[in-house]
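Residue-level listing of the chains:
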Amino acid sequence: MAIGARDRIDAMLVKKYAMQKVDNPIIQTSMIDPNKMYEAMNDYAQMHLSMLNIQQKLKNTCISAIAGSIQYTKSRNLKSRRPKEAVAAK
């Protein structure tokens, strides 16, 4: 991969602006302290993690409560049911 002008127009632009002096932009200092921003991001992440843990515990509690309250009823006796071929063979 070559660096530089690819065609005649690019070469003309490079030649035109080669002698121009461009000031580097001055990066202004942030109004927010980076340490405070980091602490805020950390607090948000910790709160989100705590909420996920609480949600998982609540989900597990609901699943166990539902499983504990299920009442299984016997609707029919499956063992006494025989295939028709076996009954006809007797």
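On a predicted model such as this, the values are computed, not experimentally measured, just so you know. (Residues numbered from 1 in each chain as written. Predicted model: local features only at pLDDT ≥ 70, side-chain atom pairs only at ≥ 80, totals over all residues. Heavy atoms only, no water.)

Draft legend 1. Quick peek at the overall build of the chain. Of regular secondary structure, the chain possesses three helices and zero strands. Secondary structure elements of the chain, listed N to C terminal, follow the sequence α-α-α. Residues counted as buried form 0% of the 90 residues belonging to the chain. (Helix = DSSP H or I, 4+ residues; strand = E, 2+ residues; numbered from the N terminus. Buried < 20%, exposed > 50% of the residue type's maximum accessible area, 1.4 Å probe, protein only.)

Draft legend 2. Geometry of a nonpolar patch on the surface. On the surface, Met31, Ile32, Met37 and Met41 cluster together to form a nonpolar patch covering roughly 480 Å² of accessible area. Using a relative accessible area of 84% as the deciding quantity, one classes methionine 31 as exposed. (Patch = residues over 30% accessible without salt bridge, like charges linked within 9 Å, V, L, I, M, F, W, Y side chains within 5 Å. Areas by Shrake-Rupley, 256 points an atom, 1.4 Å probe, with all protein chains shown as cover. Salt bridge = Lys/Arg side-chain N within 4 Å of Asp/Glu carboxyl O.)

Draft legend 3. Representation of the confidence of the model for the chain. Of all residues in the chain, 74% have pLDDT values of 70 or greater, and the mean over the chain is 80. For the chain, helix H3 (residues 84-89) is the element with the lowest average pLDDT, namely 58, and helix H2 (residues 34-69) is the one with the highest, namely 94. (pLDDT = per-residue confidence, 0-100.)

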